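# Descriptive analysis of the structure
Take a look at the letters that make up each chain.
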Amino acid sequence: KKARMLVDKKYKVGNVDKRIFGSFIEHLGRAVYEGIYEPDHPQADDKGFRKDVIELVKELNVPIVRYPGGNFVSGYNWEDGIGPKEKRPKRLELAWGVIEPNEVGVDEFAEWAKRADTDIMMAVNLGTRGMDAARYLVEYCNHPSGTYWSDLRISNGAAQPHNIKVWCLGNEMDGPWQIGHKTADEYGRLACETAKVMKWVDPTIELVACGSSGSGMPTFPQWEATVLDHTYEHVDYISLHTYYGNRDNDTPNFLARSLDMDKFISTVISTCDYVKAKKRSNKTINLSFDEWNVWYHSHDSDQHVERWSTAPHQVEDSYNLEDALVVGCMLITLLKHADRVKIACLAQLVNVIAPIMTEKGGPAWKQTIYYPFMHASNYGRGTVLMPVVDAPKYDSKDFTDVPIIESVAIENEEKNELTIFAVNRDMEDALELECVLGGYEGYKVKEHIILNGDDIKAGNSVERPDNVIPRKIQDGRVDGETLSVMLPRLSWNVIRLG
Ligand code: AHR
């Protein structure tokens, strides 16, 4: 089979905002405790953070991490997590049915973020709480000194403000499972008033309003329209969340799921722009896709999590090769919308539906999905070029006209590099890709990295951490303006030219 792609230096989608390679740490399962924080671990640093985990996070080059939830945030009192650890309360955590020990709170997480070379995207509780808790948290984190909350931060050991720039106004407030679930009007009003006071405390912050927790929600996309009607002039982004699974073991259909993500993004853009037109506004609302991933492997085992335990094994999906291909397709989809998607968070980062796993007292290791994310984050920065692709198509249970290739090209002007990311969705055959490169005279293939294998269900584990890993192949050449390269069946490909 054969596909043709055209990329031209002159035809650009937009610049990649590096925050598109963000991720997420929630107080959920073993993400924090036994994940990033394990004071008794041989690799723990002076604050109890696992250095081996920090190293793996740094390899992923994650510029921003959403915290502390997720569903967790909608019942969270952030004040429980500050001050002397021995005085912090243990609380019933209603979102996930566990006990939250509060050993890690905002100051510890800010320290971890510094050590992991990343920024924080902080969510405030708009489930059980509201304007006061939110504005005091901004004051605690960002006000330099001389007020009750900023001086409290200083007395708790953080002399410098944490300077958190991006804030989420609650989490998934459209979902009936959410603590303090609201209608769009209820949430919109609260988000608007909370946004105002937060920005009055620190006018430099950016705010994300909750969009729908999935495009399948019955209130989508009216939710977005109503929420933006209330908040338009006070917020900067609207959020999107999506998770895909393959419970029916239908790989061609599973691999096509990124088409749904693409449609979701386009619909939210249209809704934002509809409200913009309605309000005669010059301001554009951008998108924060702040939860996305594959999530389904752990659904059954999570039914048996012990109630009121602390940091149980919860929401721990074991990922295989086909999951990595779906993650690759989702990354390409986000990049194709770089003009409007400015923030995105792979949900999540450690242990909970995560690329990085840890053993208590033992090693940290990489799941299959680690690799497409690492490649995209490291080689996918620069300018996205308009992808024009002509490829064979297939139909699956839920989709028609699925191109067998998902691909995008990014130019890194600083490094004089052009990178093509491509997934071959074909179950049987390798795909010959012919790509005409306009404006890249003299470029040669520097490297072709692939992630593939005979067994699409193969994954990694603590015993076999290198079972599925990427490798470099000697393939691909440029003749004049045309790149020719073979993409093996069911493969993730990174073709780096320069
Ligand atoms: O990422 C896991 C959960 O998924 C988050 O807590 C919630 O926001 C979403 O439903």
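Residues numbered from 1 in each chain as written. Predicted model: local features only at pLDDT ≥ 70, side-chain atom pairs only at ≥ 80, totals over all residues. Heavy atoms only, no water.

As annotated in an unreviewed UniProt entry, the protein chain is non-reducing end alpha-L-arabinofuranosidase from Mahella australiensis. On record in UniProt, under Pathway (unreviewed entry), the comment for the protein chain is "Glycan metabolism." Quoted verbatim from the Sequence similarities (unreviewed entry) field of UniProt, the annotation for the protein chain is "Belongs to the glycosyl hydrolase 51 family." (UniProt positions renumbered as here; feature names shortened; annotations may be inferred.)

## Quick word on the overall build of the protein chain
Within the protein chain one finds ten helices and 26 strands. Relative to the globule expectation of 23 Å for 498 residues, the C-alpha radius of gyration of the protein chain, 22 Å, shows essentially globular dimensions. Expressed as lengths along the three principal axes of its C-alpha atoms, the size of the protein chain is roughly 65 × 60 × 45 Å. Scored against the burial criterion, the 498 residues of the protein chain give a buried share of 62%. Across the protein chain, the fraction of contacts at a sequence separation of at least 24, relative to all contacts at a separation of at least 6, is 77%. Accessible surface computed for the protein chain: about 19000 Å², of which carbon and sulfur atoms make up 48%. Considering the protein chain, the positive charge centre built from 57 side chains and the negative charge centre built from 75 side chains are found 4 Å apart. (Helix = DSSP H or I, 4+ residues; strand = E, 2+ residues; numbered from the N terminus. Rg over C-alpha atoms; globule rule 2.2 N^0.38 Å. Buried < 20%, exposed > 50% of the residue type's maximum accessible area, 1.4 Å probe, protein only. Contact = heavy atoms within 4.5 Å. Areas by Shrake-Rupley, 256 points an atom, 1.4 Å probe, with all protein chains shown as cover. Lys, Arg positive; Asp, Glu negative; His and termini not counted. Charge placed at Lys NZ, Arg CZ, Asp CG, Glu CD.)

## Side note on the confidence of the model for the protein chain
Per-residue pLDDT for the protein chain has a mean of 98; in total, 100% of the residues score no lower than 70. Here the prediction assigns the complex a pTM of 0.98, and the interface score ipTM is 0.99. (pLDDT = per-residue confidence, 0-100.)

## Considering the site of the ligand
By nearness alone, every residue bordering the ligand is listed as Phe-24, Glu-26, Gly-70, Asn-71, Trp-96, Asn-171, Glu-172, Tyr-243, Glu-291, Trp-295, Gln-348 and Ile-353. Contact distances for the ligand include 2.8 Å between an oxygen atom and a side-chain N or O atom of Tyr-243. Between the ligand and Glu-291 there is a distance of 2.6 Å, counted from an oxygen atom to a side-chain nitrogen or oxygen. (Near = heavy atom within 4 Å. Polar contact = N/O pair within 3.5 Å; in protein donor to acceptor, adjacent residues only side chain to side chain.)

## With respect to the sheet that holds strand 20 (residues 417–424)
Strand order in the open sheet formed by seven strands is 2-15-19-20-26-22-23, with antiparallel pairing between adjacent strands. With partners counted over all chains shown, the strands left at the sheet margins are strand 2 (12–15) and strand 23 (471–472), one partner each. (Pairing = 2+ DSSP bridges.)

## Topic: the environment of Ile-369
Among the secondary structure elements, Ile-369 is positioned in the loop between strand 14 (364–366) and helix 10 (370–379). Taking C-alpha positions, Ile-369 is 36 Å from Tyr-274, a pair spaced 95 residues apart along the chain. When sequence neighbours within four positions are dropped, the list of residues in contact with Ile-369 reads Asn-293, Tyr-319, Asp-323, Ala-324, Val-327, Ala-354 and Pro-355.

## Looking at the UniProt feature "domain: Alpha-L-arabinofuranosidase C-terminal" (unreviewed entry) in the protein chain
If you check UniProt for "domain: Alpha-L-arabinofuranosidase C-terminal" (unreviewed entry), the listed places come out as residues 290–491 in our numbering. Within the segment residues 290–491, helix and strand shares are 13% and 35% respectively, and the terminal C-alpha atoms sit 26 Å apart.

## Thoughts on the packing of aromatic side chains
A full pass over the atoms with the stated rule returns 17 aromatic pairs. Pairing Tyr-243 with Trp-295 gives two aromatic rings, centres 4.9 Å apart and planes at 80°, and the pair type is edge-to-face. Of the two residues, Tyr-243 sits in strand 10 (residues 237–244) while Trp-295 sits in the loop between strand 11 (286–294) and helix 9 (321–336), which places them 52 residues apart along the sequence. Under the relative-accessibility criterion, Tyr-243 is labelled partly exposed at 21%. Each ring, one from Phe-421 and one from Trp-492, has its centre 5.5 Å from the other, and the planes form 15°; the classification is stacked. Remark: Trp-492 occurs in strand 26 (residues 491–497) and Phe-421 occurs in strand 20; sequence separation between them is 71 residues. Across the pair, exposure class does not vary: Phe-421 and Trp-492 are buried alike. Across from the ring centre of Phe-24, 4.7 Å away, lies the NZ or CZ of Arg-66, which sits over that ring. Across the ring face of Trp-308, the terminal group of Arg-307 is positioned such that the distance to the ring centre comes to 4.4 Å. (Phe/Tyr/Trp six-rings, centres within 6.5 Å; stacked < 30°, edge-to-face > 60°. Lys NZ or Arg CZ within 6 Å of the ring centre and 35° of its normal.)

## Overview of empty space enclosed by the protein
Per the stated rule, a full pass over the model turns up three cavities of 30 Å³ or more. Here the largest cavity is characterised by a volume of approximately 100 Å³. Forming the boundary of the largest cavity are 14 residues, of which Tyr-76, Trp-78, Ala-123, Val-124 and Leu-137 lie nearest the centre. Residue assignment for the lining of the largest cavity shows that the elements contributing at least two residues are strand 7 (119–124) and helix 3 (131–142). A per-class count over the lining of the largest cavity returns twelve nonpolar, one polar and one charged. Its boundaries defined by the atoms lining it, the second largest cavity holds a volume of some 80 Å³. As for the second largest cavity, its lining consists of His-27, Leu-28, Gly-29, Val-32, Tyr-33, Val-98, Ile-99, Glu-100, Pro-101, Ala-311 and Pro-312. (1 Å grid on protein atoms, 1.4 Å probe; cavity = no way out; pocket = protein on both sides within 12 Å on 5 of 7 lines; lining within 4 Å. Points joined across faces, edges and corners; volume = space filled by probe spheres on them. Nonpolar A, V, L, I, M, F, W, Y, C, P; charged D, E, K, R; others polar.)

## Focus: a nonpolar patch on the surface
Nonpolar side chains collect at one region of the surface, where Leu-92, Leu-94 and Trp-308 lie side by side and expose about 310 Å² of accessible area between them. Mapped onto the fold, Leu-94 is located in the loop between strand 5 (91–93) and strand 6 (98–100). (Patch = residues over 30% accessible without salt bridge, like charges linked within 9 Å, V, L, I, M, F, W, Y side chains within 5 Å. Salt bridge = Lys/Arg side-chain N within 4 Å of Asp/Glu carboxyl O.)

## Some thoughts on the nonpolar core
The biggest cluster of nonpolar side chains holds 153 residues, and the ones touching the most others in it are Trp-112, Trp-167, Tyr-187, Phe-289, Trp-292 and Leu-349. Here this core takes eleven residues from helix 9, the largest share from any one element. Residue contacts for Trp-292: discarding those within four places in its chain leaves Thr-242, Tyr-243, Met-261, Val-327, Met-330, Leu-331, Leu-334, Ala-344, Cys-345, Leu-346, Ala-347 and Phe-373. One finds Ile-64, Ala-123, Tyr-237 and Ile-343 within the second-largest nonpolar core, a separate group that totals twelve residues. (Core = buried A, V, L, I, M, F, W, Y, C linked by side-chain atoms within 4.5 Å.)

## Looking at the packing of helix 1 (residues 51–60) against helix 10
Contact pair helix 1 / helix 10: the axes reach a minimum separation of 8 Å and the direction vectors enclose 55°. Judged on the interaxial angle alone, helix 10 and helix 1 are oblique. Here Leu-56, Glu-59 and Leu-60 of helix 1 come into contact with helix 10, specifically with Tyr-370, Phe-373, Met-374, Ser-377 and Asn-378. Taken together, the residues of the contact of helix 1 with helix 10 break down into five nonpolar, two polar and one charged. (Axes fitted to C-alpha atoms, helices over the stretch in contact; angles between N-to-C directions. Parallel < 35°, antiparallel > 145°, perpendicular 65-115°, else oblique.)

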